[in-house]
Amino acid sequence: MKVKNRLKMGKKKLPKKSKKSPNTMTMDSFLETMDNSSGDEAPEAPKKAVKKGKKPVKVEDSENIESMKKLQQIDPEFYEYLRENDKDLLNFNADDISGDAGSEPEAEEASDEEPAVVQKREKFEVASDESDFEEADEEKVEEQEGVITLKMLKSLEANIREEKVSAEAIRKLVQAFNSALRSISPDAKSTSEYRVKGSGVFNGVIQLCVLHLHSAIWRFLALSGRKSVRDVHKLKRWSKMRNPMRSYTTDLTHILENVSSPDVLTILLKHLHQMVPIVVAVSGASKPVLKRLVSLWSSSEEETVRVLAFLCILKLTRAQQGQFLSIVLKVMYLSYVRNSRFVSPTTLPGINFMRRSLAEMFALDAEVAYQHAFLYIRQLAIHLRNAVTLKRKDSYQAVYNWQYINALRLWGDVLSGGALPQLLYPLVTIIQGVIKLIPTAQWFPLRFHCIHILIALSRSTRVFIPVLPFILEVLQSATFNKKHSQLSLKALPFTCILRVTRPQLEELSFRTQITEHIFATALEYLASESYSLTFPDLVVPTVILLRQYIKRCSVASTGRKLKQLLDLTMENFKLIEAERKTITFSLRDAALIHSWETQMQNRGTPLLTFYTNWLKTSELKKRREADKTDEISDFRLPTLKRRQPSGDKEAESGPVDLLPSDSDEEELELEKPLPKKAKKVKALKQEKPTVKKEIPIDDEPSVGVLDVVEDLDIADWLS
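Quick notes on the rules
- Residues numbered from 1 in each chain as written.
- Predicted model: local features only at pLDDT ≥ 70, side-chain atom pairs only at ≥ 80, totals over all residues.
- Heavy atoms only, no water.
- Helix = DSSP H or I, 4+ residues; strand = E, 2+ residues; numbered from the N terminus.
- Buried < 20%, exposed > 50% of the residue type's maximum accessible area, 1.4 Å probe, protein only.
- Contact = heavy atoms within 4.5 Å.
- Areas by Shrake-Rupley, 256 points an atom, 1.4 Å probe, with all protein chains shown as cover.
- Expected span 1.5 Å × (residues − 1).
- Core = buried A, V, L, I, M, F, W, Y, C linked by side-chain atoms within 4.5 Å.
- Salt bridge = Lys/Arg side-chain N within 4 Å of Asp/Glu carboxyl O.
- Phe/Tyr/Trp six-rings, centres within 6.5 Å; stacked < 30°, edge-to-face > 60°.
- Lys NZ or Arg CZ within 6 Å of the ring centre and 35° of its normal.

(A) Seen up close, the overall build of the protein chain. Check the secondary structure of the protein chain and you find 32 helices and two strands. Taking all 719 residues of the protein chain together, the buried fraction comes to 39%. Sequence separation of 24 or more characterises 69% of the internal contacts of the protein chain that already satisfy a separation of 6 or more. Just so you have it, the protein chain exposes about 44,900 Å², and 53% of that area is on carbon and sulfur atoms.

(B) Examining helix α9 (residues 199-220) more closely. With 22 residues, α9 extends 30 Å between its outermost C-alpha atoms, agreeing within 8% with the 32 Å of an ideal straight helix rising 1.5 Å per residue. Most of α9 sits inside the fold, with 16 of its 22 residues counted as buried. Alanine 222 lies just past α9 and shows a positive phi near 60°.

(C) Molecular detail of the nonpolar core. In this structure, Ile170, Met245, Trp297, Leu358, Leu408, Trp411 and Val434 are the most contacted members of the largest nonpolar core, which totals 166 residues. At twelve residues, α9 tops the list of elements feeding residues into this core. Beyond its immediate sequence surroundings of up to four residues, valine 434 is in contact with Leu384, Val399, Tyr400, Tyr404, Leu408, Leu446 and Cys450.

(D) Just the pattern of salt bridges, in detail. Counting across every chain of the model gives 13 salt bridges. Between glutamate 473 and arginine 447 there is a salt bridge, with its nearest N and O atoms 3.3 Å apart. With a gap of 26 residues between them, glutamate 473 in the loop between α22 (468-472) and α23 (478-481) and arginine 447 in helix α21 (residues 444-461) connect regions that are remote in the sequence.

(E) Seen up close, helix α28 (residues 556-580). Between its terminal C-alpha atoms α28 stretches 36 Å, which fits the 36 Å expected from 25 residues at 1.5 Å a residue. Every buried residue of α28 is listed here: Thr558, Gly559, Leu562, Leu565, Leu566, Leu568, Thr569, Met570, Asn572 and Ile576.

(F) Geometry of the environment of threonine 266. Here threonine 266 lies in helix α11 (residues 262-274). Residues threonine 266 and valine 307, spaced 41 residues apart in sequence, show a C-alpha to C-alpha distance of 9.7 Å. Those residues in contact with threonine 266 that sit more than four places away from it in its chain are Thr304, Val305 and Leu308.

(G) Examining the packing of aromatic side chains more closely. Throughout the structure, instances matching the rule amount to eleven aromatic pairs. With a centroid separation of 6.3 Å and an interplanar angle of 85°, the aromatic rings of phenylalanine 310 and phenylalanine 353 are classed as edge-to-face. Taken together, the residues span a long stretch of sequence, with phenylalanine 310 in helix α14 (residues 303-319) and phenylalanine 353 in helix α16 (residues 348-362) at a distance of 43 residues. Phenylalanine 310 sits in the buried class, given a relative accessible area of 10%. For phenylalanine 353, a relative accessible area of 22% gives the class partly exposed. Residue placement shows arginine 237 over the ring face of phenylalanine 220; its charged tip is 5.2 Å from the ring centre. The ring centre of phenylalanine 519 lies 4.6 Å from the NZ or CZ of lysine 561, which sits over that ring.

Okay, structure coming up:
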């Protein structure tokens, strides 16, 4: 019957869903076998002529017609058998067969069979409509099997956003989150009876959890009105949330470990910062979360991810300070040292952020911080002692590297807060020993890095540390006073280097940088001590040494810098000396001395005022160099006032003086004589007063307080 249907549908267009029957292929192969077995000639090509008023015959139908003609010639008995038993089989194109055979009964039979063909086609179309209902049934089956659809997701969102949310709605959402995680990570543990298929449903589940789960849990636990949330595990309704939240925190930690996109990590970390009380309430959930957060804090390339990870660490640690503070400090310190091995302009901001944030973590508890600081500072002292006693290359390299210097910077920041005064003397002794270990010119950059640490300690703790001898010792170096033999177009900054090569020692830029660092470090230290009562006694050796060096200095730029520093020092010296003569209190009274120094600091000293202005200019210059935005439009350039011509006297003829004398400095350009009309116009323009508008340039742009951890919004997902 399938062969019959295929032959009959050659006359009318079949639906697209119909397929060829395998029985048709069997009949064709049978006809080809019969054709090859006969000794007759090959069948003629199908006729392309079409009778008037009838549709053209398709190529496939014409081939079937010719095959039936050949069958009638080869085996008339079999052909008659087919006509008697199944007339519809041979009636695939009644007009052509009847025309070729010349028999009228066949044409009548063909016309009688047309209603049957229409009836079969109608049955076929009804079958195609039933397939749509079958697809709908398949969707119902999928829902019964636990596959999450968009319709289910919308109903789940409506339930989770209700004012009185139920524990069952939260449990279903947590299970959907677990199934979404399992769809992308087969290693995730299965705690859900649902299945997520498709990226649209996956994104919808994650978005629903991140945006609405936090508020739903707070409404269920009746915590929405409280400013601070503590001891969530003691609430009455927490027993219903314990198992779902344990599963959710595990899945959230797993997805944080497998996500690398900074945008996705930013959203997830904001969500985690909101869910910190829940993580604290779930026993055993904080440790793996902290481990992942420390990894993001130390190794992420995105600044926002680092900041959010640190805020989550701080919030989690403060909530469980007695249990996790010591472990977190140890892991963070080791991560800091491990990731500060190489310093470059790209890695330096991340290292500075880790150092400052870790110093804040050590300030949480002085007793715990003392234990760690004592241990790690002792390790630094052991490395320095081995380098001094063994005097081998590997022992020197254990001290003269970026990890060691960054560790000294960290403990300098920690002790600058004044919380651990007992460790100040050991740390200062170690830094001084590092400077004296290899006091050659090649390691001058490392020397200045250590000097900056000592200055910061002295300024913040108000403890006297002899820093000026280490600065002025550079002036007595033979390499520094040696005349340079090479020129370099660009100065070599010391920010990201500890050592210079021998060819760089012979360049002019090296001498220039050393001079700048001597001036900057000495000015910074003297400015921090400029309001001290002991300033006149402190600077006497410095003044003597600077005067002696300026007399024999042969480099003009170095001499000018040191002369400026000497003049500022002497001016401040005279001011403090004059004020010190008027005091009436005893020098043993520390409180009165501190009060006097505070008054002098508030009034301002010459060194302090100059250093404040110089620091703003220096920071602005460094910022321009870092951002590569050093454009002429950013500077306030002075305007040159040219002398107006006294008369209409023409310029004298003769050769032009290309190198004018000092008396001719104001006449910067040679102008050609103007015609009379042009002179009149120019005179009128000069008579009109011009008003110059001054545009104020702020030294520092006003930056508002930026709240990094803000409430999540749907815009975070659309961006």
